[in-house]
Amino acid sequence: MIAVRLLCWLAFVHATGIYLFTRGFLLSRLALANKSQEEQEQWSRFATHKRAVLLVIDALRFDFVSDHPPEPPSPNHHNILTLPQELTAAYPHHSFIFNAYADPPTTTLQRIKGLTTGSLPTFVDIGESFSGSVIQEDSLLHQLGSSGHKVAFVGDNTWLSLFPTFLDHNLSYPFDSFDVEDLHTVDSGVISHLPSIIQQKSEPWTLAIGHGLGVDHAGHRVGPDHPVMKAKLEQMNAFLSQLVRIIDDDTLLILIGDHGMDQTGNHGGDSILETSSAVWIYSRGAPLSSSSMSLPAEIIPKTAFPGERLPHRSIQQIDLVPTISLLLGLPIPFNNLGSIIPELFNRGDSSVKEALELNARQIKRYLDAYRASASGGELDGVWSDLVNAWSKVSDGPSDTRVSTLFAFSRLSLATCRSLWAQFSLTLISAGLLVMFTGLVASYALYTLLGNSGGDRKQKLEKSFLSAFKVGALGSVVSGFVYPLVRDYLDGVHAHHLILFGGALASSLTLSLTCKPRFTFDIIKSVPILILHTLCFASNSFIMWEDHIVPFLCLTSLAPSVLIGLTAPTPRLRNRILGFSTLFAVCIRLIMLSTVCREEQHPNCTVTFYASSTSSAPPVLALVLAPVMAMSIPHIIRRILAISKSDNGIALVFLPWTMTAAMLAGTTFWIFEWIHSMEWFGDVGNMWLRNGRTMVARVTVMLVIFAGLAFWSAIPVCLDIQRAERPTRTSASSSPDSDTQVTVTLLGFANAFGSPYLILWSIFLSVVWLCMQLTGQVVLGLFTVALLAYLEIVDSVRDVWGLNQAYSKGFASTVGTPSTTHPSGLDLNRLPLKREVRFSEIVPLALLATHAFYGTGHQPTIPALQWKTAFVLVSSVRFPYSQITVILNTLGPYFLAGLAAPLLALWNFPPFLPSSPSAPVSHQEDVVLSALRSCLGLTTYFNSLLLGSAVFAAGLRRHLMVWKVFAPRYMFSVLEMAALDVGVLVGIWGVWRVSRSVGRLLRGAEQLCHGGQDAYNIDTKALKERI
């Protein structure tokens, strides 16, 4: 089918442009393979301990251990884990608390990399969070392994995937890390095994690592300000007390949080709450610091945590790498950019200066090696500053040497942090060019299909065949040309050029053969598209896009309202204005559901959750979600009843299957909320968890098999009624001499749109299951707004048809009562105008974006609702967890892509009522009209994708590029992908509906027999719309 082939090609062009741009924009940091190999006497003199216990409490934010927490303190996470502050107050030379800055992205895998290598992660590395790759660069564990030391481990199995050969298998107890609903299993394992490892003597170890996940999982499930968090911190405090009692004088105890958490308990971004992690270092034996010597203030900086009145000693989290290395007598990993923590080397002699010198030389070796590598050109602009800083270290006076050494280390860190992503302008430009030509080709196809001529299918097939041939030729030529230009294209590989040549050549061919045209309808719709795209040029507009989109959405409806005010009949006027009001009310109600970005505070209030520090649903959502679940199927049926198309599959699916599926989806999340409240203990929670998982699985089975399978078999909503009546030719004729068979078709006016809406409702039920309770309420409002908009579009087209008919003088003088309007207009002769206008597509695109924000999302990593990964499974399992998270995040865009054909199908009869004897006319154009609608929607979102890419590339050195512009581009990519999948599924649905309706109508024609048999097509629904 030409429509499917065309959409697949368009998806290929989108993917090619995205791939090329992303490879140029988000390249990984160069990790040098060098290993530190200094002589032992250089670093062993700093050793104070023979062993170290590293306890990682995932997501342990600094204020959880601070002795001066923010005002007012929370009773659930402040002054609960008190052992560090108590020992620091009692033994100030043995115990130290630090506020450690964790480099974003603040996800566990990236932070483990930083904590072991001392290097910086890249933004694109976050994609490895679900499947970490082995760390090959030099690290603390590599140095331990090469020195013959053993590493024991208990807890998060992410460590095992990163260091499979350095963790001693006899001393390792890994646990699954992604079951965020399990608050206790991993922590219980750490509490059970780590003390026994510390106390046993048969297997000597040098580093024992324990990584608990309970605090992190509690944050994800209920937020930090919840009694569950208090209980978890109390458990960790008791466990720390146990460790302090059992370690010996030669063992160093280190407590760290790999990252923090925001107010709702999530993390992944770069807000101050997410990057502020706790560090506590304790020595039971020898003191770590001496009071006989004060340190310069510039090497022991302090910062104040938000809400705290007193500043506290702050470090970079990667400073732990050189510090632990030297305290254990190990070489500092080669790629390290952290600085030693001076207090821990302040021993009344020159230890601080010597440790800083050793640290600075290691960083200088790393910079020299990086400068000599293939990526060394990145340092060209800053190399002179680094050389000057090193000259001050070498030639400066001895009394300032400590400060200059520390300044050089921090300058090196700041320099590399600014260069943590490499840019390939060649690939960026290639990606942008493919995106642009793909956009032009998509619009050219849209305008070609707007031609109402009967040969548009032939033109489309001819253009696509030419584009396919030229694209294949372009790929082949690019492959042959690559060896000739390889030396001039730094970072470009053969497959890059082959993809570029094929996508560019085919897009240009389609653009030239289809010859895009600009009509008045396009021109009047462009301002909104331009304004939406220009939002991506400003970080402030991106931050507040959730407030801009509803304004644009309501503005896009203004032309329809103006048409409604001038409608030629009162009924059309009331329909347009009434449904427009309903649409506007839904938009405003969706705005009430908000999840705030960090930058929006304090001008934003979280309403999607119960509070800004909780991930529980608000009480209103608990009440409204079940009501919405029961109402939506009824509302859909009422809309279908307008055109008498609530027959066929609609009679079974809407009141029974869909209602049951949506209620089950709501029940799942109510059970999840009850589970999070911990009301029924461990046994009750187990039953709740297993019960809701079973509910979710049964729901999917119900929708997929009882819904989709049944729809695939009978995708029609028509009701055929056959009646016989006698035909009298004369007064003396016998009453039963002749009969006439009349076949009445109910639902004829919406023969294509109604069954397709049932298909859309099936997928709505699946997305509904993946939405949290507030998201379900918003999704219900999204559905009502969509239905209202379909009726608006249909009524506006009726107005156009009436006005055109009046202007051409189609007043009926011979029309029958069943087809003549009271105004004298013959309904049989109304023009059938069904080509979708671009102005009709814009509100649908904006509605999808508005629903994305309303369902609790933002284009930021912390806004991802990770708990939806456990809808179908109890722990992370491929691909079920990924699918449910994707449906939760991108569901509105997928549903919008799936809804695009409805703009062409809604209230579109298979043939004109005046020609009942004709076969199904217009049926062959149904798929092409739906394809045009899909192309219009993809053109809109392709424009947004191109705009976000252009501004992200142009502002790649902007301060907010990784915080705002790059995430918005990445979410634009995801939106485009969800839309492409939606329209592909939609075109299949249109093809299936058109075939089934055609077969049904041909079967109805066969029911008629005799010369006077006839159809009696129900025109009441047609007339009532007018």
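Computed from a prediction, not measured in an experiment: that's the story for all the values here. (Residues numbered from 1 in each chain as written. Predicted model: local features only at pLDDT ≥ 70, side-chain atom pairs only at ≥ 80, totals over all residues. Heavy atoms only, no water.)

Draft legend 1. Focus on the overall build of the protein chain. Helix and strand content of the protein chain: 33 helices and 12 strands. Relative to its 1026 residues, the protein chain shows a buried fraction of 60%. At a minimum sequence separation of 6, the contacts of the protein chain that also span at least 24 residues come to 79%. (Helix = DSSP H or I, 4+ residues; strand = E, 2+ residues; numbered from the N terminus. Buried < 20%, exposed > 50% of the residue type's maximum accessible area, 1.4 Å probe, protein only. Contact = heavy atoms within 4.5 Å.)

Draft legend 2. Structural detail: the packing of aromatic side chains. This structure, assessed with the given rule, holds 28 aromatic pairs. Between Phe 334 and Tyr 366, the ring centres sit 6.4 Å apart and the planes meet at 75 degrees, which makes this aromatic pair edge-to-face. Here Phe 334, found in the loop between α11 (320-327) and α12 (351-371), pairs with Tyr 366, found in helix α12; they are 32 residues apart in sequence, far enough to count as distant. Taking relative accessible area as the criterion, Phe 334 reaches 7% and is therefore assigned buried. (Phe/Tyr/Trp six-rings, centres within 6.5 Å; stacked < 30°, edge-to-face > 60°.)

Draft legend 3. Seen up close, the sheet that holds strand β1 (residues 51-57). Ordered in space as β4-β3-β5-β1-β6-β7-β2-β9-β8, the 9 strands form an open sheet in which the pairing is mixed. Strands at the two margins of the open sheet, each flanked by one partner only, are β4 (172-175) and β8 (302-303). (Pairing = 2+ DSSP bridges.)

Draft legend 4. Structural view of the pairing of strand β5 (residues 207-212). Extensive coverage of β5 is indicated by the burial of 6 of its 6 residues. In the sheet, β1 pairs with β5 via 6 bridges, with the strands oriented parallel. Across the sheet, Leu 54 pairs through a bridge with Ile 209, a residue of β5. Relative to β5, strand β3 (residues 151-156) is paired through 5 bridges, and the arrangement is parallel.

Draft legend 5. Spotlight on the state of the cysteines. Evaluated as defined, the whole model comprises 1 disulfide. The disulfide partner of Cys 596 is Cys 604, and the gap between their sulfur atoms is 2.0 Å. An S-S torsion of about -80 degrees defines the bridge between Cys 596 and Cys 604 as left-handed. Classification of Cys 596 as buried rests on a relative accessible area of 13%. Using a relative accessible area of 11% as the deciding quantity, one classes Cys 604 as buried. (Disulfide = S-S within 2.5 Å.)

Draft legend 6. Local environment of a nonpolar patch on the surface. On the surface, a cluster of nonpolar side chains totalling about 490 Å² of accessible area is made up of Leu 651, Val 652, Trp 656, Phe 710 and Ile 714. Relative to the helices and strands, Leu 651 resides in helix α24 (residues 650-676). Residue Leu 651 is classed as partly exposed on the basis of its relative accessible area, which comes to 39%. (Patch = residues over 30% accessible without salt bridge, like charges linked within 9 Å, V, L, I, M, F, W, Y side chains within 5 Å. Areas by Shrake-Rupley, 256 points an atom, 1.4 Å probe, with all protein chains shown as cover. Salt bridge = Lys/Arg side-chain N within 4 Å of Asp/Glu carboxyl O.)

Draft legend 7. The arrangement of helix α17 (residues 494-514) in detail. For α17, which comprises 21 residues, the first-to-last C-alpha distance of 30 Å matches the rise-based estimate of 30 Å (1.5 Å per residue) to within 8%. Directly beyond the C-terminal end of α17, a positive phi value near 50 degrees is found at Lys 515. (Expected span 1.5 Å × (residues − 1).)

Draft legend 8. Representation of the nonpolar core in the model. Core analysis: the largest hydrophobic core is formed by 186 residues, its most contacted members being Phe 25, Phe 583, Leu 931, Tyr 940 and Phe 941. Those residues in contact with Leu 931, other than ones at most four positions away along the chain, are Ala 3, Leu 6, Leu 7, Leu 449, Leu 460 and Ile 987. (Core = buried A, V, L, I, M, F, W, Y, C linked by side-chain atoms within 4.5 Å.)

Draft legend 9. Quick peek at the pairing of strand β2 (residues 95-101). Among the 7 residues of β2, 6 are classified as buried, and the element is accordingly described as predominantly covered. Note: β2 against strand β7 (residues 276-283), 7 bridges, orientation antiparallel. The residue of β7 that forms the bridge with Phe 96 is Ile 281.

Draft legend 10. Examining unusual backbone geometry more closely. At the junction of Pro 104 and Pro 105, the peptide bond is cis and its omega measures out at 5 degrees in the coordinates. Along the polypeptide, Pro 105 turns up in the loop between β2 and α4 (108-117). In this chain, His 601 is followed by Pro 602 through a cis amide linkage whose omega measures 5 degrees. Checked against the element boundaries, Pro 602 lands in the loop between α22 (570-591) and α23 (619-642). You will see that Lys 644, though not glycine, has its phi angle at about 55 degrees, which is positive.

Draft legend 11. Geometry of the pattern of salt bridges. The full count for this structure, using the stated rule, is 25 salt bridges. As a salt-bridge pair, Asp 103 and Arg 417 come within 2.9 Å of each other at their nearest N and O atoms. Here Asp 103, found in the loop between β2 and α4, pairs with Arg 417, found in helix α14 (residues 401-418); they are 314 residues apart in sequence, far enough to count as distant. Under the relative-accessibility criterion, Asp 103 is labelled buried at 3%. Relative accessible area serves as the criterion here: at 25%, Arg 417 is assigned to the partly exposed category.

Draft legend 12. Structural view of the packing of helix α16 (residues 456-485) against α17. Contact geometry of α16 with α17 gives a least axis separation of 7 Å together with a crossing angle of 150 degrees. Note that α16 runs across α17; the crossing there is right-handed. The residues of α17 that touch α16, namely those facing Ser 463, Phe 464, Ser 466, Ala 467, Val 470, Gly 471, Gly 474, Ser 475, Ser 478, Gly 479, Tyr 482 and Val 485, are Ala 494, Leu 497, Ile 498, Gly 501, Gly 502, Ala 505, Ser 506, Thr 509, Leu 510, Thr 513 and Cys 514. The residue inventory of the contact of α16 with α17, partitioned by class, reads 11 nonpolar, 12 polar and no charged. (Axes fitted to C-alpha atoms, helices over the stretch in contact; angles between N-to-C directions. Left-handed = near helix turned anticlockwise from the far one by under 90°. Nonpolar A, V, L, I, M, F, W, Y, C, P; charged D, E, K, R; others polar.)

Draft legend 13. Expanded view of the side chain of Glu 308. Locating Glu 308 in the fold gives a position in the loop between β8 and β9 (312-316). Within the buried core, Glu 308 has no salt-bridge partner, and the shortest N-O distance to an opposite charge, that of Arg 61, equals 8.8 Å. At 2.9 Å, the side chain of Glu 308 forms a polar contact with the side chain of Ser 66. (Lys, Arg positive; Asp, Glu negative; His and termini not counted. Polar contact = N/O pair within 3.5 Å; in protein donor to acceptor, adjacent residues only side chain to side chain.)

Draft legend 14. Representation of the environment of Ile 318 in the model. Considering the arrangement of structural elements, one finds Ile 318 in the loop between β9 and α11. For Ile 318 and Arg 111, which are 207 residues apart along the polypeptide, the C-alpha to C-alpha distance reads 9.0 Å. Sequence-distant contacts of Ile 318, defined by excluding residues within four places in its chain, comprise Asp 103, Arg 111, Gly 114, Gly 118, Ser 119, Leu 120, Asn 336, Leu 337, Gly 338 and Leu 413.

Draft legend 15. Summary view of the packing of helix α20 (residues 545-556) against α22. In contact at an axis separation of 10 Å, α20 and α22 are set at 180 degrees when each is read in the N-to-C sense. By the angle between their directions, the pair α20 and α22 is classed as roughly antiparallel. Residue-level contacts link Pro 550, Cys 553 and Leu 554 of α20 to Phe 583, Ala 584, Ile 587, Arg 588 and Met 591 of α22. Along the lines of polarity and charge, the residues of the contact of α20 with α22 split into 7 nonpolar, no polar and 1 charged. (Parallel < 35°, antiparallel > 145°, perpendicular 65-115°, else oblique.)

Draft legend 16. How the structure looks around the side chain of Asp 980. By the secondary structure assignment, Asp 980 is in helix α32 (residues 961-1007). The charged side chain of Asp 980 is buried without a salt bridge, its nearest counter-charge being Arg 968 at 14 Å. Discounting chain neighbours no more than four positions away, the residues touching Asp 980 are Ala 11, His 14 and Thr 938.

Draft legend 17. A look at the confidence of the model for the protein chain. Mean pLDDT over the protein chain works out to 88, with 90% of the residues at or above the 70 mark. Predicted confidence for residues 811-831 stays below pLDDT 50, and this span has 38 contacts to residues more than four positions away or in other chains. (pLDDT = per-residue confidence, 0-100.)

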